[in-house]
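Secondary and tertiary structure notes
Single-letter residue listing:
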Amino acid sequence: MPPSQSYAVTIVGGGLGGLTTALALRQRGLRTIVLEQAPELGEVGAGIQTAPNASRILLGLGLRRQLEAIHTEPQDQVRRRWHDGAIIAQLPLGERVKRKYNAPYWHYHRADLHRVLLDACLDGEGVGPVSEVHTSAKVTEIDRTDPTRPVAVSEDGRRFDADVLIGADGVRSAVRDLMGLPDTLEFSGEMAYRALIPGDKIAADPATRFLLDRLHSTIWYGPDRHLVHYCIRGGEYLNVVAIVPNTLDVEQTWTGPATADELVEAYSGWDDRVAAMLSKAEGDASKWAMFRRRRDPVWVDGHVALLGDACHAMLPYQAQGASQAMEDAAVLAEELGGVTRDGIAGALTRYVGRRAKHAGMVQDASLRNKDFYHLPDGPEQEERDRVLREFNGESDVSYDWLWNGTPLNDPDLESFHYPFGR
Ligand SMILES: Cc1cc2nc3c(=O)[nH]c(=O)nc-3n(C[C@H](O)[C@H](O)[C@H](O)COP(=O)(O)OP(=O)(O)OC[C@H]3O[C@@H](n4cnc5c(N)ncnc54)[C@H](O)[C@@H]3O)c2cc1C
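Residues numbered from 1 in each chain as written. Predicted model: local features only at pLDDT ≥ 70, side-chain atom pairs only at ≥ 80, totals over all residues. Heavy atoms only, no water.

**Let's talk about the overall build of the chain**
Broken down by element type, the chain carries 15 helices and 21 strands. For the C-alpha atoms alone, the extent of the chain along its principal axes is close to 60 × 50 × 40 Å. In the chain, which comprises 422 residues, the share counted as buried stands at 56%. Of the contacts made within the chain by residues no fewer than 6 positions apart, 73% connect residues no fewer than 24 positions apart. Of the roughly 16,700 Å² that the chain leaves accessible, carbon and sulfur atoms contribute 50%. Within the chain, one finds 46 positive and 61 negative side-chain charges whose respective centroids are separated by 3 Å. (Helix = DSSP H or I, 4+ residues; strand = E, 2+ residues; numbered from the N terminus. Buried < 20%, exposed > 50% of the residue type's maximum accessible area, 1.4 Å probe, protein only. Contact = heavy atoms within 4.5 Å. Areas by Shrake-Rupley, 256 points an atom, 1.4 Å probe, with all protein chains shown as cover. Lys, Arg positive; Asp, Glu negative; His and termini not counted. Charge placed at Lys NZ, Arg CZ, Asp CG, Glu CD.)

If you want it as structure tokens, here you go:
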């Protein structure tokens, strides 16, 4: 039921979580104001995967045509041993996933996905009020003199008042700090190399051409490190995420440039095809310290609530951080979209009730994968590989649970029902 009285929501942060939220709320008839600290909206140059739990939400927001234009569909998820590339397990994705979970497993360039969401928020022909988006709007204060009208105050003194304030401002959330919540940030001791390697370099080398023969994603498992790669833009790039013990000075910097030599060196002794692949990353690589948040159910205080990495930042070892933020957005929109102003505090409490435990379980499972992925060779590794072969999931989280996602009140979103393209 649409609310009889529409109201306004300020969303701090214009990342994938913030924009999915703005779009979902807009479609419920709410006025949305997005405040982004950066002078321009955008995303880092890297790939991203949406498993069916997130694809279902994006398709339910009416984005099928736009996503079909930017997605790449992997046919399998392949798991390999570090030293010889032997296949540990191979899980079919593609049509099987669409049939089983009523939504696809897709890969994208982050900038493409971000652009699709932004365009939909700003589309004058779209459902509900067009979102208002402000860049160079770093929120440094929240004025809660009237607790039912939280005001986000930007660094340059602008005031944005609304009926609800959502902190979707990422792992180092200012909104979280301004709410006075405990510091739950933890450093994992690891870092990720990220690289987008041009597909033509991969295709030109007989040692790596197999990566383009059949679209798939791969996880290589080795002692104290792993490596993930998949194609985006139909093979224009190979997206690489390489997780290794940290060498960044995290007190000084969280991120920095990386060289292909560094990457190759980090995987010395691995299957020759790994070096052949990573040596092509010159000019395309960076490194990032890996932080997470401890599980924390406190996401809300009155008319102010948190969403995405701000409340459940997780290690990327289930490829679920943004996907969980999208689940947050869908549930938040169901709750806020069904109430008038008087019901806001209750709606936010129900949002946290439906999401905190679920996201917390994904956070914990992502953390468990840190050890599970990085076992030294031996009996435990052999047992892990047996589990990977026989279990439809990782560690103790099944893909059936993860990919079905948080139950929605309105599962009858015909737009994502299989078969696709009708
Ligand atoms: C290597 C790696 C691979 C990953 N792969 C996947 C994957 O395949 N699938 C997946 O689902 N997830 C993946 N993730 C996780 C995913 O990237 C994050 O969980 C997701 O981007 C979080 O979205 P968010 O909107 O919550 O936060 P962010 O993307 O961090 O966005 C927060 C926004 O808020 C802005 N902001 C911050 N402070 C302020 C302020 N004070 N005022 C105004 N604006 C502010 C920031 O500039 C930013 O634009 C991966 C992460 C890593 C590191």
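**Some details on the packing of helix α1 (residues 16-26) against helix α5 (residues 110-122)**
Between α1 and α5, the least distance of the axes is 9 Å, while the angle of their chain directions is 30°. The orientation of α1 with respect to α5, classified from their angle, is roughly parallel. In the packing of α1 onto α5, the handedness of the crossing is left-handed. From α1, Leu16, Leu19, Thr20, Ala22, Leu23 and Arg26 reach across to α5, where they touch Arg110, Leu113, His114, Leu117, Leu118, Ala120, Cys121 and Leu122. (Axes fitted to C-alpha atoms, helices over the stretch in contact; angles between N-to-C directions. Parallel < 35°, antiparallel > 145°, perpendicular 65-115°, else oblique. Left-handed = near helix turned anticlockwise from the far one by under 90°.)

**Observations concerning the pattern of salt bridges**
Tallied over the entire structure, the rule returns 32 salt bridges. Note that Asp161 is salt-bridged to Arg149, the shortest N-O span being 3.0 Å. With Asp161 in strand β10 (residues 159-161) and Arg149 in the loop between β8 (139-143) and β9 (151-154), this residue pair connects regions lying 12 residues apart in the sequence. Its relative accessible area of 37% is what places Asp161 among the partly exposed residues. Among the charged side chains, a salt-bridge network with shared partners connects Arg149, Asp161, Asp163 and Arg341. (Salt bridge = Lys/Arg side-chain N within 4 Å of Asp/Glu carboxyl O.)

**Quick look at the sheet that holds strand β1 (residues 8-12)**
Strand order in this open sheet of six strands is β7-β2-β1-β11-β19-β18, and the pairing throughout is mixed. With one partner strand each, in any of the chains shown, β7 (132-134) and β18 (300-301) form the two edges of the open sheet. In the sheet, β18 pairs with strand β19 (residues 304-306) via two bridges, with the strands oriented antiparallel. The residue of β19 that forms the bridge with Val300 is Ala305. (Pairing = 2+ DSSP bridges.)

**A closer look at the site of the ligand**
Not every one of the 31 residues close to the ligand is listed here, only the nearest: Gly17, Glu36, Arg110, Asp309 and Ser323. Measuring from a nitrogen atom of the ligand, one finds a backbone N or O atom of Gln49 at 3.0 Å. Measuring from a nitrogen atom of the ligand, one finds a backbone N or O atom of Ala319 at 3.0 Å. Compared with its free state, where it exposes 1,000 Å², the ligand has 86% of that area covered by protein. For the shell around the ligand, the secondary-structure elements that each account for two or more residues are α1, β3 (47-50) and α12 (321-337). In the shell around the ligand, the residues fall into 13 nonpolar, 12 polar and six charged. (Near = heavy atom within 4 Å. Polar contact = N/O pair within 3.5 Å; in protein donor to acceptor, adjacent residues only side chain to side chain. Nonpolar A, V, L, I, M, F, W, Y, C, P; charged D, E, K, R; others polar.)

**Let's talk about the sheet that holds β8**
Pairing is antiparallel across the open sheet formed by three strands, whose spatial order is β8-β9-β10. The sheet is open, and its two edges are formed by β8 and β10, each paired on a single side. Ignoring which end each strand starts from, the neighbouring axes of this sheet average 25° apart. Sheet topology note: the β8/β9 ladder contains four bridges and is antiparallel. The partner of Val139 across the bridge, within β9, is Ser154.

**Comments concerning the nonpolar core**
Grouped together as the largest cluster of nonpolar side chains are 67 residues, with contacts concentrated most on Val9, Leu63, Leu67, Leu113, Ile166 and Leu336. For Leu67, the contacting residues outside a window of four places in its chain are Leu58, Leu59, Trp106, Tyr108, Leu113 and Val116. Grouped together as the second largest cluster of nonpolar side chains are 31 residues, Val250, Leu263, Trp270 and Ala313 included. (Core = buried A, V, L, I, M, F, W, Y, C linked by side-chain atoms within 4.5 Å.)

**Structural notes on the packing of aromatic side chains**
Evaluation of the coordinates by the stated rule reveals 10 aromatic pairs. Judged by centre distance (4.9 Å) and plane angle (70°), the rings of Tyr221 and Tyr373 are edge-to-face. Placement of Tyr221 in strand β13 (residues 216-222) and of Tyr373 in helix α13 (residues 344-373) is noted, with a sequence separation of 152 residues between them. The exposure class of Tyr221 is buried, given its relative accessible area of 0%. Seen in terms of ring centroids, Tyr267 and Trp270 are 4.8 Å apart; in terms of plane orientation they differ by 85°. Their pairing is edge-to-face. We classify Tyr267 as buried; its relative accessible area is 3%. Residue Trp270 is classed as buried on the basis of its relative accessible area of 8%. (Phe/Tyr/Trp six-rings, centres within 6.5 Å; stacked < 30°, edge-to-face > 60°.)

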